[in-house]
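# Architecture at a glance
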Amino acid sequence: DDRIRLSLRRIPYADGRSLLVARDISQLQRLEQVRRDFVANVSHELRTPLTVVHGYLDMIEPESLPEYEPILRELRMQSRRMTQIVEDLLTLSRLEAQQSTPDERVVMPALLESLRREAAALSQGRHEIVLERLGDMDLQGSTKDLHSAFSNLVSNAVRYTPDGGRIVLRWECDADGARLTVIDTGPGIPSQHLPRLTERFYRVSTSRSRESGGTGLGLSIVKHVLQLHQARLDIRSEVGVGSRFICVFGPERLLPARTLAEEA
Ligand code: ADP
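Here the structure is a predicted model, which is why all the values come from computation and not from measurement.

Our focus in this paragraph is the packing of aromatic side chains. Scanning the entire structure with this criterion turns up 1 aromatic pair. Between F150 and F249 the ring centres are 6.3 Å apart and the planes differ by 85°, which places this aromatic pair in the edge-to-face class. Here F249 lies in strand 9 (residues 242-249) and F150 lies in helix 4 (residues 143-160), a separation of 99 residues in the sequence. F249 shares its class with F150; the two are buried.

Pasting the structure below:
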């Protein structure tokens, strides 16, 4: 469209007067839209060929071609990774395009239990997994999106925490709102990386993160999902001690838990 968009900034002076600076950001916004459309289109176009490659690779039994077995396994792994990157990019495009906040009831006890099970399945007994339910409110939003955001945090905690570590999933509510926190005893993240951690493809240590099997888009998805819920992500971390990823929700996003009678 050809509407003009302005960014306004007020600079106050000590004497009470102030300066108003207006900047035309229409062109910037149009470029941003072009970038978004481009990423969405490329991801969409890559989906079909990848499905075909993936499908055919799955049809070949590596055992039937012993000399190519390592190559075939590598090809499968890489095609699976590419598919995951494309799916994550499409998720991000959808979240960016979404305008309104969903307002269904997100039943927290069920969601937390399912996250605990996911963590246990990923960890396969290599970590101590603890669920601390300190609040009994539900959230208002999209169950699917919040589930995928929280899952990302849980899977990071499991992937980056060495065997024998401890992972805590904590849900707490009070008059100020609610917090879902994922705490791990992993390697921690040096503070200079924290501000950029939710950028697409940003990684602290490229090789270690790639090996861990992620796409580098997880935290970016978390940030977008939380933004849609007017919530934010706080990250606290200490090298050698561990990390805390805290999803902070305002009181307007909380719903009193349903009683058993209401559920029946
Ligand atoms: P990835 O798919 O690489 O895990 P994410 O967006 O989920 O991508 O995370 C970005 C980077 O943040 C990771 O590559 C890793 O370096 C760092 N990171 C995320 N979670 C943790 C964690 N729990 N402990 C240590 N580092 C983490």
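Okay, back to it.
Now for a nonpolar patch on the surface. Taken together, V52, Y56, M59, I60, L65, Y68, I71 and L75 make up a surface patch of nonpolar side chains, about 790 Å² in accessible area. Secondary-structure elements contributing two or more residues to the nonpolar patch are helix 1 (26-59) and helix 2 (69-97). Along the chain, the position of I71 falls in helix 2. Judged by relative accessible area, I71 falls into the partly exposed class, the value being 48%.

Spatially, 3 strands are ordered 3-5-10 in an open sheet, and the strand pairing comes out antiparallel. Where the open sheet ends on each side, the last strands, each with one partner, are strand 3 (104-106) and strand 10 (254-256). Looking at each pair of strands side by side, their axes are set apart by 45° on average, direction ignored. Bridge count for strand 5 (residues 137-141) against strand 10 is 3 bridges, and the pairing is antiparallel. Residue pairing in the sheet places M137 in a bridge with P256 of strand 10. The sheet contacts of helix 4 involve strand 3 and strand 5, and relative to strand 3 the element is tilted by about 35°.

Judged by nonpolar contacts, the single largest core of 43 residues is most densely connected at M108 and F150. Among the secondary structure elements, those contributing two or more residues to this core are helix 2, helix 3 (108-123), helix 4, strand 6 (166-174), strand 7 (177-184), helix 6 (218-228), strand 8 (232-238) and strand 9. If one sorts the elements of this core by residue count, helix 4 sits on top with 7 residues. Discounting residues that sit within four places of it in the chain, M108 has contacts with M137, D138, L139, F150, W171 and L180.

Around the ligand sit 19 residues, and of these N156, Y160, D184, G216 and L219 come closest. R159 is positioned such that a nitrogen or oxygen atom in its side chain is 3.1 Å from an oxygen atom of the ligand. A distance of 3.3 Å separates an oxygen atom of the ligand from a polar backbone atom of G218. Protein burial of the ligand: of its 530 Å² of free accessible surface, 99% is covered by the chains. Of all the elements in the fold, those that place two or more residues in the shell around the ligand are helix 4, helix 6 and strand 9. Take the shell around the ligand: its biggest share by element is 4 residues, from helix 4.

Parameters at a glance
- Residues numbered from 1 in each chain as written.
- Predicted model: local features only at pLDDT ≥ 70, side-chain atom pairs only at ≥ 80, totals over all residues.
- Heavy atoms only, no water.
- Phe/Tyr/Trp six-rings, centres within 6.5 Å; stacked < 30°, edge-to-face > 60°.
- Helix = DSSP H or I, 4+ residues; strand = E, 2+ residues; numbered from the N terminus.
- Buried < 20%, exposed > 50% of the residue type's maximum accessible area, 1.4 Å probe, protein only.
- Patch = residues over 30% accessible without salt bridge, like charges linked within 9 Å, V, L, I, M, F, W, Y side chains within 5 Å.
- Areas by Shrake-Rupley, 256 points an atom, 1.4 Å probe, with all protein chains shown as cover.
- Salt bridge = Lys/Arg side-chain N within 4 Å of Asp/Glu carboxyl O.
- Pairing = 2+ DSSP bridges.
- Axes fitted to C-alpha atoms, helices over the stretch in contact; angles between N-to-C directions.
- Contact = heavy atoms within 4.5 Å.
- Core = buried A, V, L, I, M, F, W, Y, C linked by side-chain atoms within 4.5 Å.
- Near = heavy atom within 4 Å.
- Polar contact = N/O pair within 3.5 Å; in protein donor to acceptor, adjacent residues only side chain to side chain.

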